[in-house]
Amino acid sequence: QLARIQTDSVVEMLRELYPGLSFEIAVAMSTTGDKILDTALSKIGEKSLFTKELENALERNEVDLVVHSLKDLPTSLPPGFTIGAVCKRENPLDAVVFHPKNCGKTLSLLPEKSVIGTSSLRRAAQLKKKFPQLEFRDIRGNLNTRLKKLDEKEDFSAIILAAAGLRRMGWENRIGQLLSPEDCLYAVGQGALAVEVRAKDQEILSMVSALHDADTVLRCIAERAFMKHLEGGCSVPVAVNTMLKDGQLYLTGAVYSLDGSDSLRETMQTSVNYPQQSEDGPNDDVQHVGITAKNVPGQAQEAAENLGVQLASLLLSKGAKHILSVARQLNDAR
């Protein structure tokens, strides 16, 4: 349902921009990641679980564009594909949804040993450290399934979800607590929608590029470059927070051990205040961590990507590789 709402919202924007074109939502697909619900996400491989089938349809020309949550897309896309648009970001923060009996509480007010549901290693690692009196347990399924599990059983006192998904579903009233970046840094790309297209399809690429939101593009390029340089994925806790203010892009990035006891967190900034240049010729299709953004200044995109790489290098120089490799081994052994 969420995937459908997200797709409809992108198609609606395209219809407004191109009233003369007809857009058909041709296929609703179930992906491998949607079907394997009895295993923690971090145990069943990398992010392509949710994208492979959709990319196959793109490759076969059955569809011309695919709408994803950006956080589900790997930092390296398969050859022949690109992210042709990154839409304006919804609130990227994590939200706590409480069991009806805990309505009005916050995490710090829950009784000791209360069980919190989350399928994200990143959320669990940060919150275990912040709230050692609580227990964290895996919960899988789409948003509807997870809310149903929360409401109808007594297994969970609360669950953690992305605020963006709840807002898109119209369930904002279920958000009991928004977790600030001090409590919980968010996932790379969280809250942003991405439109994936065939990299060589200039017509479609030009059409969807009108959906790019420049601020979101630069923030997400920095976040994805940070993750890529760390070689992070679903199976390790990597988290970010970005802000663009007065031409300066700020990136906070962190890595965590699975229980949150060991962590590294740093912030860096760079100027992304560059004018748009007319870039004709071979530079047209430069990708930055899988994103092609023709209408965002190339130098600004480069600066954002370099910021992500530099921050990752800083954390690696301080021992991030060790924290992440231990986290990966422990997760594999679980």
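Just above sits the structure.
Okay, so let's go over this structure.

Rules and cut-offs
Numbers given for residues are sequential positions, taken from 1 along each chain in its written order. Owing to the predicted nature of the model, reporting of local features is limited to residues with pLDDT of at least 70; listing and counting of side-chain atom pairs is limited to 80 or more, with chain, interface and lining totals taken over all residues. Computation of side-chain values covers all heavy atoms of the structure but excludes hydrogens and water. A strand pair is defined by DSSP finding two or more bridges across the two strands. Only DSSP runs of H or I covering at least 4 residues are called helices, and only runs of E covering at least 2 are called strands; the numbering of each starts at the N terminus. Angles shown run from 0 to 180 degrees and are taken between the N-to-C directions of axes, each axis being a line fitted to C-alpha atoms and, for helices, limited to the stretch in contact. Whether two residues are in contact is decided by their heavy atoms, any of which lying within 4.5 Å being enough. Between buried and exposed lies partly exposed: a residue is buried under 20% and exposed over 50% of the maximum accessible area for its type, with that area taken using a 1.4 Å probe on protein chains only. Residues adjacent in sequence count toward polar contacts only when both atoms are side-chain atoms; beyond that, a polar contact is any pair of N or O atoms within 3.5 Å, and within protein one must be able to donate a hydrogen and the other to accept it. Put simply, buried Ala, Val, Leu, Ile, Met, Phe, Trp, Tyr and Cys residues joined by side-chain atoms within 4.5 Å make one nonpolar core. Any carboxyl oxygen of Asp or Glu within 4 Å of a side-chain nitrogen of Lys or Arg constitutes a salt bridge here. Regarding the arc, it is the one traced by the directions from the helix axis to the C-beta atoms. Handedness of each helix crossing follows the sense of rotation of the near helix against the far helix: counterclockwise by less than a right angle gives left-handed, clockwise gives right-handed. All amino acids are sorted into three groups, where Ala, Val, Leu, Ile, Met, Phe, Trp, Tyr, Cys and Pro are nonpolar, Asp, Glu, Lys and Arg are charged, and the leftover types, Gly among them, are polar.

**Topic: the sheet that holds strand β10 (residues 248-256)**
Part 1: One open sheet accounts for 3 strands, arranged β9-β10-β11; its pairing is antiparallel. The sheet terminates laterally at β9 (238-245) and β11 (263-271), the two strands that pair on one side only. The sheet shows a mean angle of 15 degrees between the axes of neighbouring strands, direction not considered.
Part 2: Of the strands in this sheet, β9, β10 and β11 are in contact with helix α4 (residues 121-130), which crosses β9 at around 90 degrees.

**Regarding the pairing of strand β2 (residues 81-86)**
Part 1: Of all 6 residues in β2, 6 are buried; the element is thus mostly enclosed.
Part 2: Both β2 and strand β8 (residues 193-198) contribute to a ladder of 5 bridges, which runs antiparallel. Opposite T82, over in β8, you have V197 as the bridge partner.

**So, α4**
For an α-helix, 3.6 residues make a turn, and residues three or four places apart therefore share a direction.
Part 1: Among the 10 residues in α4, 7 count as buried, and that is most of the element.
Part 2: For α4, the set of buried residues is L121, R122, R123, A124, A125, Q126 and L127.
Part 3: You can read the cap of α4 off the contacts: a side-chain oxygen lies 3.2 Å from the backbone nitrogen of R122, and it is on S120.

**As for the pairing of β8**
Part 1: For β8, a buried count of 6 out of 6 residues is recorded, marking the element as mostly surrounded by other parts of the structure.
Part 2: Looking at chain direction, strand β1 (residues 66-69) and β8 are connected through 4 bridges and run antiparallel. Following the sheet pairing, H68 is matched in β8 by A194.

**Details of the nonpolar core**
Part 1: In terms of nonpolar packing, the biggest core is built from 44 residues, with L70, I83, F226, L230, V238 and V255 touching the most fellow members.
Part 2: Elements with a minimum of two residues in this core: β2, α8 (214-230), β9, β10, α9 (298-317) and α10 (320-333).
Part 3: The greatest single-element share of this core, amounting to 9 residues, is contributed by α8.
Part 4: If we ignore the near neighbours within four places in the chain, the residues touching V255 are L230, P237, V238, D262, S263, L264, L315, A320, I323 and L324.
Part 5: Counting 16 residues, the second largest nonpolar core, distinct from the first, contains A85, L193, M207 and L211.

**Thoughts on the side chain of T118**
Part 1: Relative to the helices and strands, T118 resides in the loop between β4 (115-117) and α4.
Part 2: A polar side-chain atom of T118 sits 3.0 Å from the main-chain amide nitrogen of S120.
Part 3: Not counting residues within four places of it along the chain, the set of residues in contact with T118 comprises R123, A124, F136, R137, D138, I139 and I160.

**Some details on the pattern of salt bridges**
Part 1: The full count for this structure, using the stated rule, is 15 salt bridges.
Part 2: With its nearest N and O atoms 3.9 Å apart, the salt bridge here joins E12 to R15. On the criterion of helical spacing, the pair formed by E12 and R15 is a turn pair, its members being 3 residues apart in helix α1 (residues 2-17).
Part 3: Under the relative-accessibility criterion, E12 is labelled partly exposed at 40%.
Part 4: The class for R15 is partly exposed, based on a relative accessible area of 35%.

**Some words on the sheet that holds β8**
Part 1: Strands sit in the order β1-β8-β2 across an open sheet of 3 strands; the sheet is antiparallel. Two strands lie at the open edges of the sheet, namely β1 and β2, each paired on one side alone. Averaged over all pairs of adjacent strands, the angle between their axes in this sheet comes to 40 degrees, without regard to strand direction.
Part 2: With respect to the sheet, helix α3 (residues 52-59) is in contact with β1, β2 and β8, its orientation differing from that of β8 by roughly 40 degrees.

**Some thoughts on helix α5 (residues 143-152)**
Part 1: Listed in full, the buried residues belonging to α5 are L143, R146, L147 and L150. Viewed along the axis of α5, the buried residues span an arc of 95 degrees, placing them on a single side of the element.
Part 2: The inward-facing, buried residues of α5 abut α1, β3 (94-98), β6 (158-162) and α6 (163-168).
Part 3: At the N-terminal boundary of α5, the capping side chain belongs to N142, with an oxygen 3.1 Å from the backbone nitrogen of N144.

**Considerations on unusual backbone geometry**
Part 1: Phi is positive for N61, close to 65 degrees, though the residue is something other than glycine.
Part 2: Although it is not a glycine, D246 adopts a positive phi angle of roughly 50 degrees.
Part 3: Tracing the backbone shows D246 in the loop between β9 and β10.
Part 4: For D246, a relative accessible area of 72% gives the class exposed.

**Focus on the packing of α8 against α9**
Part 1: Between α8 and α9, the shortest axis-to-axis distance is 7 Å and the interhelical angle comes to 35 degrees. Taken as a pair, α8 and α9 cross one another with a handedness that is right-handed. When α8 is examined against α9, the residues L218, I221, A222, A225, F226, H229 and L230 are found in contact with a partner set consisting of A300, Q301, A304, E305, L307, G308, V309, L311, A312, S313, L315 and L316.
Part 2: Split into classes, the residues belonging to the contact of α8 with α9 amount to 14 nonpolar, 4 polar and 1 charged.

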